[in-house]
Amino acid sequence: MSSLQGYVDRRVLLILQDGRAIAGVLVGFDQKSNVVLSDSTERVYSMEEGVEEIPLGLYLVKGDMIVLIGEIDDAVDQAVDLSTIRAEPLPAIRY
Amino acid sequence: MLPLSLLTAAQNKPMLVELKNGETFNGHLVNCDNFMNITLREVYQTSADGDRFWKLKECYIRGSTIKYLRVPDTLLDAVKDEQARAREAGRSARGAGPGGRGGRGAPPRGRGGARGAGPRGGRGRGRG
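Here the structure is a predicted model, which is why all the values come from computation and not from measurement.

Colleague: Help me get a handle on the pattern of salt bridges, residues and values and all.
Modeller: One pass over the structure, following the stated rule, counts 12 salt bridges over all chains. Arg 20 of chain A is the salt-bridge partner of Glu 42 of chain A, the closest N and O atoms lying 3.9 Å from each other. Here Arg 20 of chain A lies in the loop between strand E1 (11-16) and strand E2 (21-29) and Glu 42 of chain A lies in strand E3 (residues 35-44), a separation of 22 residues in the sequence. One exposure class covers both Glu 42 of chain A and Arg 20 of chain A, and it is buried. Two residues, Glu 42 of chain B and Lys 55 of chain B, come together in a salt bridge whose shortest N-O distance is 3.0 Å. Linking Glu 42 of chain B in strand E3 (residues 38-46) with Lys 55 of chain B in strand E4 (residues 53-61), this pair joins segments that are 13 residues apart in sequence. Under the relative-accessibility criterion, Lys 55 of chain B is labelled partly exposed at 46%.

See below:
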C-alpha cells in the first residue's frame, strides 16, 4: 500500500480541486489524506506575468480537496527563476 | 504529526477556515471532532466573492464542507513541544512504575504505534 510517509519533512507541491498549487513542507497526514503543510506558499501561474508566490504559513488541507501531491526536488526548484515562467493557471475540476 | 491532533491542539487559537463554496470564516476554535466538524467563536464570515461580511458570536461548521484551515505558524512548534513533553512524562512515569513493561508484555513504542493510526503503523509494517 502506498503511503505519504515517504514525503514527510520534504517539500511537496499540492494540487487542489479548485486548481490551486500549494508548495510546502509536509508535516503530517492521516488515512483520509488530510495534510498539514508548513511554510506553505501558493503559486499563482499566469500567461502575462511570472509566477506569484503568496506566503500562507501553516496549512491544514482537507484530503477530499487534494488531487495530487508531488515531491519537490529542492535543487531543481532553487535553480528555477519563477519570474520567467509563463503558464496557464489550472482550471478547477468540473464533474 | 496527525492533522486532527494539530487541530485539537489549536483550541482557543485564531484560525481561518475556507469552505468548499469559497466562504471564509475567521475565528477562534472552540472544539473539533474526528470528522473535523468545528465550532468557532467571535467569527467574521466573508462571502465567496468577498463582498459581504457577517459577524457571528458562534458558529458550527461541518467538516465535510471545509476546504482548508489556516492556523498560526507558532502552533506547529507549540504542538511539537507538547508532544515531546508528553512523551517524556509518559516514559518517566512508566520507568517509575513496578516493571510495567514486563507486566504488559509489549514495548510502549509498539503500543503507541498501533494507537497512533495510519502513518506510524504503516512505517512499522515496512511496506511504505
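Colleague: Before we move on, could you go through the interface of chain A and chain B and cite the residues and values that matter?
Modeller: Of the residues lining the interface, 25 residues belong to chain A; the matching set on chain B comes to 27 residues. Area buried by chain A at its contact with chain B is led by Leu 58, Leu 60 and Lys 62 of chain A, which between them contribute 31% of it. A salt bridge links Lys 20 of chain B to Asp 64 of chain A, with the shortest nitrogen-to-oxygen separation between them at 2.9 Å. At the boundary of chain A with chain B, the tally comes to 12 residue pairs in polar contact (both at pLDDT 80 or more). Looking at the side of chain A that touches chain B, the elements with two or more residues in it are E2, E3 and strand E4 (52-61) of chain A. If one sorts the elements of the side of chain A that touches chain B by residue count, E4 of chain A sits on top with 7 residues. Of the residues that constitute the side of chain A that touches chain B, the class distribution is 12 nonpolar, 7 polar and 6 charged. Inspection of the sheet shows E4 of chain A paired to strand E5 (residues 66-71) of chain B by 4 bridges, in the antiparallel sense. Across the sheet, the residue bridging to Leu 60 of chain A is Leu 69 of chain B, located in E5 of chain B.

How each quantity is defined
- Residues numbered from 1 in each chain as written.
- Chains lettered and ligands numbered in written order.
- Predicted model: local features only at pLDDT ≥ 70, side-chain atom pairs only at ≥ 80, totals over all residues.
- Heavy atoms only, no water.
- Salt bridge = Lys/Arg side-chain N within 4 Å of Asp/Glu carboxyl O.
- Helix = DSSP H or I, 4+ residues; strand = E, 2+ residues; numbered from the N terminus.
- Buried < 20%, exposed > 50% of the residue type's maximum accessible area, 1.4 Å probe, protein only.
- Contact = heavy atoms within 4.5 Å.
- Buried area = accessible area lost by both parts, 1.4 Å probe.
- Polar contact = N/O pair within 3.5 Å; in protein donor to acceptor, adjacent residues only side chain to side chain.
- Nonpolar A, V, L, I, M, F, W, Y, C, P; charged D, E, K, R; others polar.
- Pairing = 2+ DSSP bridges.

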